[in-house]
Amino acid sequence: MPENNDTIAAIATPLGRGGIGVIRVSGNKTKDIYKALTGALAKPRLAQYVSFKSSSQQTIDKGLALYFKSPASYTGEDVMECQVHGSRILLGMLLEEIISLGARVARPGEFTERAFLNDKMDLLQAEAVADLIDSNSKKAARSAMQSLDGVFSDDVKQLRDQVFNARTLVEAALDFPDEEDVDISIEPAINNVEVSLSGLNSLLSRAEAGRVLDQNPTVVIVGSPNVGKSCLINYLSGFDSAIVSAMPGTTRDIIREKVLLGDFAVTLVDTAGIRETRDLIEKEGVDRTYKALAVADVVLYVLDNSLEQEIESVIFAEHLSSDAKVITVKNKIDLCKDSNFKNTEDVIYISAKTGAGVSELIEKICSILDITENEEDMIFARQRHIDALHGVKEHLLQMLSAAKQDAGLEVLAESLRLALSGFDEVTGKTTSDDVLGHVFSQFCIGK
Ligand SMILES: Nc1nc2c(ncn2[C@@H]2O[C@H](COP(=O)(O)OP(=O)(O)OP(=O)(O)O)[C@@H](O)[C@H]2O)c(=O)[nH]1
Ligand SMILES: [Mg+2]
């Protein structure tokens, strides 16, 4: 772990224009930087409207300055937040000024890393911060928030306590091997391990259920040329990302848009219309369509209903990933005389031009993505947690089988010691620097 007695600073808001931009500063020079930058005294937890000035007394911007005194701050150190206008240039100038006053630019995740090192949160909670920022659905966000609140950590700690009790009992038996008037039965220790094992099994299944929350599903739009695929991606994403034209074979490149459909952030993909063609560029486009299908979670197979096109899924079926779900979308219903369309389980009628029926389509997509009902029970776990908890389970099972075979108390104590260190790995109590470095490097800068 790097030394953390220097002062760090970073722009905490995302790249681009925005109403407000935030710069965060943390470390023991924060108070002096506050004074030099604003000319005002830092007052804890008070928002002051100030002029942020350069060393040559030029105003960089006016805005709000906030100060949090150690240890009552996010990182546990003295922290300052500058809220100014969200221009990249302006934020860059302000950051430069802060650096010239003695701070250095923070690495990704360094603020949260300091919060972890200063015991403001355990590793599970620190990871939940990143998961919350990256969450792809409201469910994922809620679940990450629960972990940040310490729900996952508390469950792990409770199980750890039971195993710790078991270990204390076994160690006590080890310390008094031959004392006749001391009851050295290890039965209570075994009970403790059995109880924590059943708790662990349920925690593991909740963690495994929660792994789906970590994914950003891909929805791929396919069909013959001219059926309205590009029109549909434009409608769903809310802007003209793909060229729409009456000429078949318009789209050649794959077009990707991240959009929020109902509760889900999905990657929506528009593809080249599938047909036999001699045009080399269009052929390449169709090949790319097939590649996109191979990673699709949901496929929107679009047909032109005004031409009464028949379903011919064979044109793409062999390229589908095995667990992809296909929704047949009959488009251009605004052109059809008969307006009495009845959606079925697999077929949805829409007009990508007028938007008719699109909300039912979104509902259908969400119902497919919404595979887990018991969201309260899910834990937004990472593979790292699941692996470590499986390790704990292994050691507890070993302890029980050793006890059954009347193996020595040392053997039981050792299994319990290893189980405990597995728990500590999850919460970060004894996690190696490599793992910590990896966890924090995945954060965005400024967090
Ligand atoms: N009336 C009507 N026209 C539509 C609708 N959807 C698409 N169109 C028209 O159909 C034509 C083809 O639309 P595109 O979205 O470019 O079709 P595409 O499937 O992307 O075609 P390729 O890129 O060539 O494969 C355009 O003239 C659109 O304006 C619809 O729902 N109603
Ligand atoms: Mg197109």
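Rules used throughout
Residues numbered from 1 in each chain as written. Chains lettered and ligands numbered in written order. Predicted model: local features only at pLDDT ≥ 70, side-chain atom pairs only at ≥ 80, totals over all residues. Heavy atoms only, no water. Domains from an automatic or database assignment. Helix = DSSP H or I, 4+ residues; strand = E, 2+ residues; numbered from the N terminus. Expected span 1.5 Å × (residues − 1). Contact = heavy atoms within 4.5 Å. Donors = N, O, S within 2.8 Å, 3.2 Å for Na, K, Ca; no water. Buried < 20%, exposed > 50% of the residue type's maximum accessible area, 1.4 Å probe, protein only. Pairing = 2+ DSSP bridges. Axes fitted to C-alpha atoms, helices over the stretch in contact; angles between N-to-C directions. Core = buried A, V, L, I, M, F, W, Y, C linked by side-chain atoms within 4.5 Å. Phe/Tyr/Trp six-rings, centres within 6.5 Å; stacked < 30°, edge-to-face > 60°. Near = heavy atom within 4 Å. Polar contact = N/O pair within 3.5 Å; in protein donor to acceptor, adjacent residues only side chain to side chain. Areas by Shrake-Rupley, 256 points an atom, 1.4 Å probe, with all protein chains shown as cover. Nonpolar A, V, L, I, M, F, W, Y, C, P; charged D, E, K, R; others polar. Salt bridge = Lys/Arg side-chain N within 4 Å of Asp/Glu carboxyl O.

Draft legend 1. Inspection of the domain arrangement of the chain at higher detail. Segmentation of the chain into domains returns domain 1 (8-121), domain 2 (126-211 + 382-428) and domain 3 (218-369). Spacing between the C-alpha centres of domain 1 and domain 3 amounts to 46 Å.

Draft legend 2. Summary view of helix α13 (residues 409-427). In a regular helix each residue adds 1.5 Å, so 19 residues correspond to 27 Å; α13 covers 28 Å between its end C-alpha atoms and thus fits that length. In this fold, the buried residues of α13 make contact with α3 (110-117), α4 (123-134), α6 (151-175), α7 (187-209) and α12 (383-404). Gly-428 sits one or two positions beyond α13 and adopts a positive phi of about 90 degrees.

Draft legend 3. Summary view of the coordination of the magnesium ion (ligand 2). The protein atoms that coordinate the magnesium ion (ligand 2) are Ser-230 (OG) and Thr-251 (OG1), at distances spanning 2.0 Å. Taken together, the positions of Ser-230 in helix α8 (residues 229-237) and Thr-251 in the loop between α8 and β8 (255-261) put the pair 21 residues apart, joining distant regions of the chain. Across the pair, Thr-251 and Ser-230 agree in class, each one buried.

Draft legend 4. Inspection of the sheet that holds strand β9 (residues 264-270) at higher detail. Strand order in this open sheet of six strands is β8-β9-β7-β10-β11-β12, and the pairing throughout is mixed. Because the sheet does not close on itself, it has two edges, and the strands there are β8 and β12 (347-349). This sheet shows a mean twist of 25 degrees between the axes of neighbouring strands, independent of strand direction. Looking at chain direction, strand β7 (residues 218-223) and β9 are connected through four bridges and run parallel. Note on β9: the bridge partner recorded for Val-219 is Leu-268. Against the sheet, helix α9 (residues 280-294) makes contact with β7, β9 and β10 (298-304), and its axis sits at roughly 145 degrees relative to β7, the strand it touches most. Contacts from helix α11 (residues 358-369) reach β7, β8, β9, β10, β11 (325-331) and β12 within the one sheet, and its direction differs from that of β11 by about 180 degrees.

Draft legend 5. Structural context of the nonpolar core. Within the largest apolar cluster, 35 residues are counted, with the highest numbers of intra-cluster contacts made by Phe-152, Leu-200, Leu-389, Leu-396, Met-399, Leu-416 and Phe-423. Elements with a contribution of two residues or more to this core: α6, α7, α12 and α13. Looking at this core, the element that brings in the most residues is α12, giving nine residues. Excluding its chain neighbours within four sequence positions, the residues that come into contact with Leu-416 are Val-163, Ala-166, Arg-167, Val-170, Val-193, Leu-396 and Met-399. Leu-232, Leu-236, Val-302 and Ile-350 belong to the second-largest nonpolar core, a separate cluster that totals 26 residues.

Draft legend 6. A look at the packing of aromatic side chains. Within this structure, the stated rule accounts for four aromatic pairs. Their ring planes at 45 degrees and their centres at 6.0 Å tell us that Phe-116 and Phe-440 sit as a pair that is tilted. In this pair, Phe-116 sits in helix α3 while Phe-440 sits in helix α14 (residues 433-441), placing the two residues 324 residues apart along the sequence. The same class applies to Phe-116 and to Phe-440, which are both buried. An angle of 65 degrees between the planes, with centres 4.9 Å apart, marks the rings of Tyr-301 and Phe-316 as edge-to-face. Here the residue Tyr-301 occupies a position in strand β10, and Phe-316 occupies one in helix α10 (residues 314-317), the gap between them amounting to 15 residues.

Draft legend 7. Just the sheet that holds strand β1 (residues 8-11), in detail. An order of β3-β4-β5-β2-β1-β6 is seen for the six strands of this open sheet, with the pairing classed as mixed. Edge positions in the sheet fall to β3 (48-53) and β6 (104-105), since each of these pairs with one other strand and no more. The pairing of strand β4 (residues 59-68) with strand β5 (residues 79-86) spans five bridges and is antiparallel. Paired with Leu-66 across the strands is Glu-81, a residue of β5. Against the sheet, helix α2 (residues 88-100) contacts β1, β2 (18-26), β3, β4, β5 and β6, and its axis sits at roughly 150 degrees relative to β5.

Draft legend 8. Expanded view of the site of ligand 1. Near ligand 1 you find 23 residues, and of these Lys-229, Ser-230, Gly-249, Thr-250 and Asp-334 are the closest. Ser-230 places a side-chain nitrogen or oxygen 2.8 Å from an oxygen atom of ligand 1. Within the side chain of Ser-351, an N or O atom sits 3.2 Å from an oxygen atom of ligand 1. Contact with the protein chains covers 92% of the free accessible surface of ligand 1, which is 650 Å². Among the elements that take part in the shell around ligand 1, α8 stands out by supplying three residues, more than any other. Considered class by class, the residues forming the shell around ligand 1 number nine nonpolar, 10 polar and four charged.

Draft legend 9. Looking closely at the environment of Phe-264. Along the chain, Phe-264 turns up in strand β9. Relative accessible area serves as the criterion here: at 12%, Phe-264 is assigned to the buried category. Each C-alpha atom of the pair Phe-264 and Ile-365 lies 9.4 Å from the other, and the pair is 101 residues apart in sequence. The residues contacting Phe-264, other than those within four sequence positions of it, are Asn-136, Ser-137, Val-259, Cys-366, Leu-369 and Asp-370.

Draft legend 10. Spotlight on the pattern of salt bridges. This model, assessed by the stated rule, comprises 23 salt bridges. For Glu-77, the salt bridge goes to Arg-114, with nearest N and O atoms at 3.0 Å. Pair noted here: Glu-77 is in the loop between β4 and β5 and Arg-114 is in helix α3, with a separation of 37 residues, a long-range link. For Glu-77, a relative accessible area of 10% corresponds to the buried category. Residue Arg-288 is joined to Asp-253 by a salt bridge in which the shortest nitrogen-to-oxygen separation is 3.6 Å. Here the residue Arg-288 occupies a position in helix α9, and Asp-253 occupies one in the loop between α8 and β8, the gap between them amounting to 35 residues. What you see here is one network of salt bridges that share partners, running through Asp-6, Glu-77, Arg-104, Arg-107, Glu-110, Glu-113 and Arg-114.

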